[in-house]
Amino acid sequence: MNASVASYREHAILTAPPERLVSMMYQGACRFLAQAAAAMEAKDIEQANNRLQRAEAIVDELRRTLDHSAGEISQQLGAIYTFCIRHLQRARLDRDARKITQVRDLLADLGEAWAQIVAP
């Protein structure tokens, strides 16, 4: 990656408001999952595992940073994130790109819902 592009991305992350960071996390996880599914289909297991690890780290961060004072919604999101991580682990074991795509679709839907909630 170009150094100026990396610098721009880093600046965008460091200066983004929390609501935007969550959207960026959803987008990043979906991007890594699309790459993981493509690598899995191409039988590039090393690349698939690398991308799965990156996506799982994002989902885990989303889970760890839930605002538990939000009540039931945070509990439901926590359960969804736990499901996503388990489903991705199963996808890795089964070498099943479809399972990766299912999680990507779920996270994309959540990301879209989040974007609508925080849109001005």
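Structure: above.
Cut-offs used in this document
Residues numbered from 1 in each chain as written. Predicted model: local features only at pLDDT ≥ 70, side-chain atom pairs only at ≥ 80, totals over all residues. Heavy atoms only, no water. Helix = DSSP H or I, 4+ residues; strand = E, 2+ residues; numbered from the N terminus. Buried < 20%, exposed > 50% of the residue type's maximum accessible area, 1.4 Å probe, protein only. Axes fitted to C-alpha atoms, helices over the stretch in contact; angles between N-to-C directions. Parallel < 35°, antiparallel > 145°, perpendicular 65-115°, else oblique. Left-handed = near helix turned anticlockwise from the far one by under 90°. Contact = heavy atoms within 4.5 Å. Salt bridge = Lys/Arg side-chain N within 4 Å of Asp/Glu carboxyl O. Nonpolar A, V, L, I, M, F, W, Y, C, P; charged D, E, K, R; others polar.

(A) A look at the environment of arginine 20. With respect to the helices and strands, the residue arginine 20 is situated in helix α2 (residues 18-41). Residue classification places arginine 20 among the partly exposed residues on the basis of a relative accessible area of 39%.

(B) Molecular detail of the packing of helix α4 (residues 72-94) against helix α5 (residues 97-118). Orientation of α4 relative to α5, taken along the N-to-C sense of each, is 155°, at an axis distance of 8 Å. For the element pair α4 / α5, the angle class is roughly antiparallel. Relative to α5, the crossing made by α4 is left-handed. Where α4 abuts α5, its residues Leu77, Ile80, Tyr81, Phe83, Cys84, His87, Leu88, Arg90, Ala91 and Asp94 lie against Lys99, Ile100, Gln102, Val103, Leu106, Leu107 and Leu110.

(C) Structural detail: the pattern of salt bridges. Tallying each qualifying case throughout the model produces 8 salt bridges. Among the salt bridges present, the one from aspartate 60 reaches arginine 63, with a minimum N-O distance of 2.4 Å. With a gap of 3 residues between them, aspartate 60 and arginine 63 both fall in helix α3 (residues 45-64), about one helical turn apart. The class of aspartate 60 is partly exposed, set by a relative accessible area of 24%. Between arginine 64 and glutamate 61 there is a salt bridge; the shortest N-O distance is 2.3 Å.

(D) Representation of the side chain of serine 74. Turning to its location among the elements, serine 74 is positioned in helix α4. The exposure class of serine 74 is buried, given its relative accessible area of 3%. Setting aside chain neighbours within four positions, we find serine 74 in contact with Leu66, Asp67 and His68.

(E) Broad picture of unusual backbone geometry. A positive phi angle is found at lysine 43, which is not glycine, with a value near 65°. On the secondary structure map, lysine 43 appears in the loop between α2 and α3. Phi at arginine 95 takes a positive value of approximately 55°, unusual for a residue other than glycine. Inspection of the secondary structure puts arginine 95 in the loop between α4 and α5.

(F) Region of the structure containing the packing of α2 against α3. Close contact between α2 and α3 brings their axes to 8 Å; oriented N to C, the two are set at 160°. Relative to α3, α2 is oriented roughly antiparallel. Crossing of α2 against α3: the hand is left-handed. On the side of α2, the interface is formed by Val22, Met25, Tyr26, Gly28, Ala29, Phe32, Leu33, Gln35, Ala36, Ala39 and Met40, while α3 contributes Ile45, Gln47, Ala48, Arg51, Leu52, Arg54, Ala55, Ile58, Glu61 and Leu62. For the contact of α2 with α3, a count of residues per class yields 15 nonpolar, 3 polar and 3 charged.

Geometric values such as these leave the question of function open.
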